[in-house]
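An overview of the molecular structure
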Amino acid sequence: MDCIFCKIANGEIVSDTVFEDKDFRVILDLSPASKGHMLILPKVHARDITELSEDIAGRAIVLAGKLGKAAMVGLGATGFNTLANTGESAGQTVFHCHIHVIPRYDDASSIVSWTPKKSEKEVQKETAKKISESLR
């Protein structure tokens, strides 16, 4: 397999590593949204978060919390975003699951955001039903 994130996660390509254990390597993003922007890379290949085992996914989110807290303590961040892009339409550009941990600072002008929209009660009800019925 010719996956660049597999190569980075498994130490074949040098990176600025923040943390490593038997299942993950956490690196600094080369195109950061803010100072300290990190990527949690599972060492096992999965295209996106839908392919991760429950164990790895659960441990990744706990690790994201620890990393965000470390950025708050070590870098003076006042908050952080965690984000996993899944699919091209969601902005995924490397198809090896990775979770962004993006430290945020009070003086930052850019955050992950969206424009809230109104939704009708019947649309909400039908949407919830379709998602619920599709759970596997």
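Computed from a predicted model, the values in this text were never measured in an experiment.

1. Brief notes about the sheet that holds strand β2 (residues 24-28)
Strand order across the open sheet formed by five strands is β1-β2-β3-β5-β4, with antiparallel pairing between neighbours. Strand pairing shows two members of the sheet lacking a second neighbour, β1 (17-20) and β4 (79-83), which therefore form its edges. Pairs of neighbouring strands in the sheet enclose a mean axial angle of 20°, with direction left out of account. Across three bridges, the pairing between β1 and β2 is antiparallel. In the strand pairing of β2, Glu 20 is matched with Arg 25.

2. Points about a nonpolar patch on the surface
Taken together, the side chains of Val 18, Phe 19 and Leu 28 present a nonpolar region at the surface, about 220 Å² in accessible area. Here Leu 28 shows up in strand β2.

3. So, the UniProt feature "active site" (unreviewed entry) in the chain
Cross-referencing UniProt, the feature "active site" (unreviewed entry) maps to His 98 in the present numbering. In this structure, His 98 sits in the loop between β4 and β5 (99-104). Using a relative accessible area of 8% as the deciding quantity, one classes His 98 as buried. Ignoring anything within four residues of it in the chain, the contact list for His 98 reads Phe 5, Leu 39, Ile 40, Leu 41, Leu 83 and Ala 84. Engagement of the side chain of His 98 in a polar contact is seen with the backbone oxygen of His 96, the distance being 2.7 Å.

Reading guide: rules and limits
Residues numbered from 1 in each chain as written. Predicted model: local features only at pLDDT ≥ 70, side-chain atom pairs only at ≥ 80, totals over all residues. Heavy atoms only, no water. Pairing = 2+ DSSP bridges. Helix = DSSP H or I, 4+ residues; strand = E, 2+ residues; numbered from the N terminus. Axes fitted to C-alpha atoms, helices over the stretch in contact; angles between N-to-C directions. Patch = residues over 30% accessible without salt bridge, like charges linked within 9 Å, V, L, I, M, F, W, Y side chains within 5 Å. Areas by Shrake-Rupley, 256 points an atom, 1.4 Å probe, with all protein chains shown as cover. Salt bridge = Lys/Arg side-chain N within 4 Å of Asp/Glu carboxyl O. UniProt positions renumbered as here; feature names shortened; annotations may be inferred. Buried < 20%, exposed > 50% of the residue type's maximum accessible area, 1.4 Å probe, protein only. Contact = heavy atoms within 4.5 Å. Polar contact = N/O pair within 3.5 Å; in protein donor to acceptor, adjacent residues only side chain to side chain.

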